[in-house]
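# Structural overview
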Amino acid sequence: MNIIYAVITGSHAYGTATETSDLDIRGVFLPTERQLLGFEPVQSVSRTEPHDVTYYPLRQFAEMALSANPNILELLFVEREHILRMDPLGEELRKAREAFLSRRIYRSYRGFAHTVRKRLEGKKPPSALRNSLIETHGYDTKEAAHLIRVLRTGLEAVKTGHFRTFRPEGERDELLAIRAGKVPLEKVLLLADALEKELDEALSRSPLPEEPDAERVENLIIRLHRRAVFPGAATA
């Protein structure tokens, strides 16, 4: 598999990892010639041992990043120290990361937070993997921290036009306190209310473009695919 870009994501990338945090690795690969030009299908590749690892084919990754999928867009904006692999093609992809940013972040992050919140409020079934957290703290503290992290990250992007993963010290302390069950669920939900309101108000003044630069991204995908199949061909 021709992996061009691989990074550490999740709590490690946001600066909120604990001793029990899993190591999440995500990346992008270029399909083979048969997958691009023939009948061989291409799809993401995942494994869970020894770490939670997923690699996405370039086109699928780009489509999800253009839609501002919170679990995908962040891959392009991790700190350098969290990049595990980046060849020249992966570097081209990362250099084009600003082309993926748009006000779609508002819709995607707001919607993602809404889904997480419903699980916290019991309106959707919680993750069975987190029963121990619910038994200990009365609610899924990991999910609650994720809710606030998503809202703060999305709000910052909408307000400033810039995206970052690693959170400021004050935010990290807040998220770790929630994760440890030191913040009652009621306070978490009140904070979420305030952040959602601020996010709504920030949208009309956002410096982000209405839509991402899909043409630039498409040209990049074509160029990288061409170089994968025809390494010696011109790439203009």
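A brief structural summary.

### As for helix α9 (residues 169-179)
- Burial in α9 covers these residues: E171, L175 and I178. Viewed end-on, α9 has its buried residues packed into an arc of 60°, placing them on one side of the element. More than 90 degrees from the buried face of α9, the exposed residues found are E169 and G170.
- The inward-facing, buried residues of α9 abut α8 (141-160) and α10 (185-203).

### What to know about the pattern of salt bridges
- Throughout the structure, instances matching the rule amount to 20 salt bridges.
- With a shortest N-O distance of 3.3 Å, R223 and E92 are connected by a salt bridge. Here R223 is found in helix α11 (residues 214-229), whereas its partner E92 is found in helix α5 (residues 88-95), with 131 residues between them in sequence.
- Take E92: its relative accessible area is 22%, and that puts it in the partly exposed class.
- The partner of E198 in a salt bridge is K159, and the shortest N-O contact between them spans 3.0 Å. With E198 in helix α10 and K159 in helix α8, this pair connects stretches of sequence that are 39 residues apart.
- Judged by its relative accessible area of 32%, E198 falls in the partly exposed class.
- Taking relative accessible area as the criterion, K159 reaches 47% and is therefore assigned partly exposed.
- Within this structure, R110, R117, E121, K123, D193, E196 and D200 form a network of salt bridges that share partners.

### Re the environment of M1
- Relative to the helices and strands, M1 resides in the segment before β1 (2-9).
- Residues M1 and V45 lie 44 residues apart in sequence; the distance between their C-alpha atoms is 9.6 Å.
- Apart from the residues within four sequence positions on either side, M1 is in contact with F29, V45 and Y55.

### Considering the nonpolar core
- Core analysis: the biggest nonpolar cluster contains 58 residues, and Y5, F61, L73, F100 and I105 have the highest contact counts within it.
- Among the elements that line this core, the one with the most residues is α8, at nine residues.
- Residue contacts for Y5: discarding those within four places in its chain leaves R26, G27, V28, L75, L76, V78, I83, R85, M86, G90 and R94.
- Among the nonpolar cores identified, the runner-up in size contains six residues, and I25, F29, V53 and Y55 belong to it.

Calculation rules
- Residues numbered from 1 in each chain as written.
- Predicted model: local features only at pLDDT ≥ 70, side-chain atom pairs only at ≥ 80, totals over all residues.
- Heavy atoms only, no water.
- Buried < 20%, exposed > 50% of the residue type's maximum accessible area, 1.4 Å probe, protein only.
- Helix = DSSP H or I, 4+ residues; strand = E, 2+ residues; numbered from the N terminus.
- Arc of directions from axis to C-beta.
- Contact = heavy atoms within 4.5 Å.
- Salt bridge = Lys/Arg side-chain N within 4 Å of Asp/Glu carboxyl O.
- Core = buried A, V, L, I, M, F, W, Y, C linked by side-chain atoms within 4.5 Å.

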